[in-house]
Amino acid sequence: MDYTETAVMPVKSAENQAEGINFRTWKQRLREYKGRPSSLILKLLMLFSAAVTAGVLVLLTGYILIKGIPALIEYFPGIFAWKYTSENVSMTPAVINTVIMTVLSLVMAVPVGIFAAIYLVEYAKRGSKLVKVIRITAETLSGIPSIVYGLFGYILFVITLGLSYSLISGAVTLAVMILPLIIRTTEEALLSVPDSYREGSFGLGAGRLRTVFRIVLPSAVPGILAGVILAIGRIVGESAALIFTAGTYAAVPTHLTDSARTLSVHMYALLSEGLYTGQAHASAVVLLAVVVGINLLSGFIAKKIGNKSC
Amino acid sequence: MKGVFLISACVSVIAVVTICVFLFANGVPAIAKIGPSEFLLGKSWKPLENKFGIFPMIVGSIYVTAGAIIIGVPVGIFCAVFMAKFCPQGLYKILKPAIELLAGIPSIVYGFFGLMVIVPVMQDIFGGSGKSMLTASVLLGIMILPTIIGVAESAVRAVPESYYEGSLALGATSERSVFCAMLPAAKTGIMAGVILGIGRAIGETMAVVMICGNQSVLPNSITSGVRTLTANIVLEMGYAADLHRDALIATAVVLFVFILIINTLFSIIKNNKE
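Residues numbered from 1 in each chain as written. Chains lettered and ligands numbered in written order. Predicted model: local features only at pLDDT ≥ 70, side-chain atom pairs only at ≥ 80, totals over all residues. Heavy atoms only, no water.

1. Let's talk about the overall build of chain A
The test is simple: Each helix is a run of DSSP H or I of at least 4 residues and each strand a run of E of at least 2, with the numbering of both proceeding from the N terminus. Two things to know: the radius of gyration comes from C-alpha atoms, and the globule rule equals 2.2 Å times the number of residues to the power 0.38. Relative accessibility decides the category of a residue: with a 1.4 Å probe and only protein chains considered, values under 20% of the type maximum give buried, values over 50% give exposed, and everything between is partly exposed. The contact rule is simple, with two residues in contact once any of their heavy atoms fall within 4.5 Å. Areas reported as accessible are Shrake-Rupley estimates using a 1.4 Å probe. Residue values count occlusion only from the protein chains shown. We score Asp and Glu as negative and Lys and Arg as positive, and we do not count His or the chain ends. Where a charge lies is defined by one atom per residue type, namely NZ (Lys), CZ (Arg), CG (Asp) and CD (Glu).
Looking only at helices and strands, chain A features 14 helices and zero strands. For a compact globule of 310 residues, the expected C-alpha radius of gyration is about 19 Å, and chain A comes in at 26 Å, more than 25% above that figure. Each principal axis of the C-alpha distribution contributes one length, and for chain A these read about 80 × 65 × 30 Å. In chain A, buried positions account for 49% of the 310 residues. Taking contacts inside chain A between residues at least 6 apart in sequence as the whole, the part at least 24 apart equals 70%. About 15,300 Å² of surface is accessible on chain A, with carbon and sulfur atoms providing 66% of the total. Side chains of chain A carry 25 positive and 16 negative charges; the gap between the two charge centres is 7 Å.

Next up, the structure:
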């Protein structure tokens, strides 16, 4: 092997020095691979994989935007009409249902999730059997596919408790589904609060409960919020768990026991009917916009935490 | 208040127990009624003739998942290594949120994309309906990418830098150092990511049901349609009754057992690492 070829010395011209001592021209970089085809292939494979991953996202969002925005404009007044009919195929009731469903599930899951995390982090003894069991079950819960949640909700709420396809059946099912996510993110947020906060609070004579609520929780709020926002993203995107629990009735419900379709279920219904591809495109745009917005928001909050800890 | 916290913490335990009890209580009697071997190994699913054999669906789920792994894992690992070791700072700031976004896109949107974009392409290349095992594998391969990339990237990052430096000092190129010295050390972490990906692929429902063709027969080539366990449930639950409905719940039990096995594998690997 020719070592003089591969040992690359930085060229010390004035312009290159500005870039730092490790600057290499493209030619030098390529020369490094001479006689080492396997390294070059690995590098190309990596670049290819990264390009594929990014490309898929661009293709997916691009396709949905290019097809969906004209569809939104084409069906404009009808698709946002207050009432759903088979002529206008309005998505407004579905959007409202999505908001109601999200709020209901969060109301149930967030307090339970936060309290559970408080127990695990602040109260439980290290290495206790119960904590182990709780962790294993939370992990199991997060691995269960949404269709299994859907069937479970169907058996328990719709059949056994006789709630029929309803908002409340769907919301409870989703609450169980997002619980592990809330527990995990809250746990991480609580763990990232420095122990000196707790010690300071205890030192001033506060009890454990007061310390948790007045000192630890407020400092963990951004982390918890980021988790809640992720959970909102999951609820908005969920369809398999809702079809057999909340049903597919396309109107704004008046009672908790009424059937209601969320936007994702609405899209599934449109696709399985196969008649409303244009409207499906339009709802895909709205769905994608919501998800992107949620992601940006969660990223923004996470960044804020990062800044604070610096 | 401690009691309230304790009860909240136990909710997840209660939830798992309830899910198990209700699924098994409804599914297991159905399996017993149909006959375990008839149910698991029977090759024909004809609810109208009271034939409930889910073997084609089990095979379908396994094939589709395997296809997704074949497509998704190499791309995912290469991309993870690129992001952990070779990615310029500026590009990383774009690529990382992009992958997080890919993870956040709802499966119904993936299914829609598959139906509108991948299916026509497959139609052009292979003819037929375009809804096939291959189509489902490609889409699932894409869907599990963020899971695998996320876990594999942190696994590669967790390997001490000295491995890389030592290999460089011995004269290996940086690619060789990463792939021959660091990747073997990150093996368990990457494996955990792959298993998570398998779990996600086998449980995926709404995306698969739109593009896999849904024929409940054993597939004879990668371009023939298949039906997965999840698709079987979604397609027929809406109108099923009596034994048919219980057979679908039993299908979910089989799926649930698969997931439990995968979860156990995952935690064994994770514990071994620690």
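2. Quick look at the overall build of chain B
Assigned secondary structure in chain B consists of twelve helices and two strands. Walking chain B from its N terminus toward its C terminus, one meets helices and strands in the order α-α-β-β-α-α-α-α-α-α-α-α-α-α. Considering only C-alpha atoms, chain B reaches an extent of 70 × 65 × 30 Å along its principal axes. Across the 274 residues that make up chain B, the buried fraction comes to 57%. Contacts in chain B between residues at least 24 apart in sequence constitute 71% of all its contacts with a sequence separation of at least 6. When the accessible surface of chain B is totalled, it reaches about 11,100 Å², and 65% of it is carbon and sulfur. Positive and negative side-chain charges of chain B, numbering 17 and 13 respectively, have mean locations separated by a distance of 3 Å.

3. Description of the packing of helix 8 (residues 146-160) of chain A against helix 1 (residues 2-34) of chain B
Selection criterion: Axis lines are fitted through C-alpha atoms, for helices just across the contact stretch, and the angle between N-to-C directions can take any value from 0 to 180 degrees. Throughout this description, any angle smaller than 35 degrees is read as roughly parallel, any larger than 145 degrees as roughly antiparallel, any in the 65 to 115 degree range as roughly perpendicular, and the remainder as oblique. Three classes are used: nonpolar for Ala, Val, Leu, Ile, Met, Phe, Trp, Tyr, Cys and Pro, charged for Asp, Glu, Lys and Arg, and polar for all others, with Gly counted as polar.
Contact pair helix 8 of chain A / helix 1 of chain B: the axes reach a minimum separation of 10 Å and the direction vectors enclose 80°. On the basis of their axis angle, the class for helix 8 of chain A and helix 1 of chain B is roughly perpendicular. From helix 8 of chain A, A:Val148, A:Tyr149, A:Phe152, A:Ile155, A:Leu156 and A:Thr160 reach across to helix 1 of chain B, where they touch B:Thr18, B:Ile19, B:Phe22, B:Leu23 and B:Asn26. Of the residues belonging to the contact of helix 8 of chain A with helix 1 of chain B, the class tally is eight nonpolar, three polar and no charged.

4. Quick notes on the domain arrangement of chain A
Rules: For the domain bounds, the source is a domain assignment made automatically or taken from a database.
Parsing chain A into structural domains produces domain 1 (1-35) and domain 2 (77-309). For domain 1 of chain A versus domain 2 of chain A, the distance between C-alpha centres works out to 52 Å.

5. Quick look at the interface of chain A and chain B
Here is the rule we go by: Summed over both partners, the accessible area (1.4 Å probe) lost when two parts come together is defined as the buried area. We define a salt bridge as a contact between a side-chain nitrogen of Lys or Arg and a carboxyl oxygen of Asp or Glu at a distance within 4 Å. Pairs of N or O atoms are called polar contacts if they sit within 3.5 Å, as long as, within protein, a hydrogen donor faces a hydrogen acceptor (for residues adjacent in sequence, only side-chain-to-side-chain pairs).
In this complex, chain A contributes 68 residues to the contact, which on the side of chain B involves 71 residues. Both sides together, the interface formed by chain A and chain B hides about 6,300 Å², and carbon and sulfur atoms give 84% of it. Applying the counting criterion to the chain A and chain B interface returns two salt bridges. A:Lys43 is the salt-bridge partner of B:Glu175, the closest N and O atoms lying 4.0 Å from each other. There are five residue pairs in polar contact (both at pLDDT 80 or more) connecting chain A and chain B. Looking at which element gives the most residues to the side of chain A that touches chain B, the answer is helix 4 (residues 37-74) of chain A, with 17 residues.

6. Examining the packing of aromatic side chains
Pairs of aromatic rings are described using the distance from one ring centre to the other and the angle between the two planes. Quick note on the threshold: The pairing test for Phe, Tyr and Trp rings, Trp by its six-membered ring, is centres within 6.5 Å, and the orientation test on the planes gives stacked under 30 degrees, edge-to-face over 60, and tilted for anything in between. Charges are assigned to positions over rings by a cutoff of 6 Å between ring centre and Lys NZ or Arg CZ, combined with an angular limit of 35 degrees from the ring normal.
In the structure shown here, the tally under the stated rule is eleven aromatic pairs over all chains. Plain terms: the ring middles of B:Phe78 and B:Phe179 are 5.5 Å apart, the flat faces sit at 45° to each other, and that makes the pair tilted. Placement of the pair is B:Phe78 in helix 3 (residues 55-86) and B:Phe179 in helix 8 (residues 174-185), with a sequence separation of 101 residues. The class of B:Phe78 is buried, set by a relative accessible area of 16%. Here a set of aromatic residues connected by ring pairs shows up, and it is made of A:Phe115, A:Tyr123, A:Phe213 and B:Phe5. Cation over ring: A:Arg208 sits above A:Tyr123, and NZ or CZ is 5.8 Å from the ring centre. Directly above the ring of B:Tyr164 sits B:Lys85, whose terminal nitrogen or CZ lies 4.8 Å from the centroid.

7. A look at the confidence of the model for chain A
Note the threshold: pLDDT runs from 0 to 100 and stands for how confident the predictor is about each residue.
Overall, the prediction assigns chain A a mean pLDDT of 85, with 91% of residues at 70 or greater. Throughout residues 1-18 of chain A the model reports pLDDT below 50, and contacts reaching past four residues in sequence, or to other chains, amount to 17 contacts.

8. Some points on helix 1 of chain B
Residue and element names in this part refer to chain B. The condition that has to hold: The span expected for a helix works out to 1.5 Å for each residue beyond the first. The bend reported for a residue corresponds to the angle between axes fitted to the seven residues ending at that residue and the seven starting there.
Between the first and last C-alpha of helix 1 there are 48 Å, a value that for 33 residues agrees with the 48 Å anticipated at 1.5 Å per step. The largest bend in helix 1 is about 30°, located at Val11. Looking at the residues trailing helix 1, positive phi occurs at Gly35, about 100°.

9. Thoughts on helix 8 of chain A
All names here are of chain A. The end-to-end C-alpha separation of helix 8 is 20 Å, in line with the 21 Å expected for 15 residues at 1.5 Å each. Remark: the principal bend of helix 8, roughly 30°, maps to Tyr154. Among the 15 residues in helix 8, 13 count as buried, and that is most of the element. Looking one or two places after helix 8, you find Gly162, whose phi comes out positive at around 65°.

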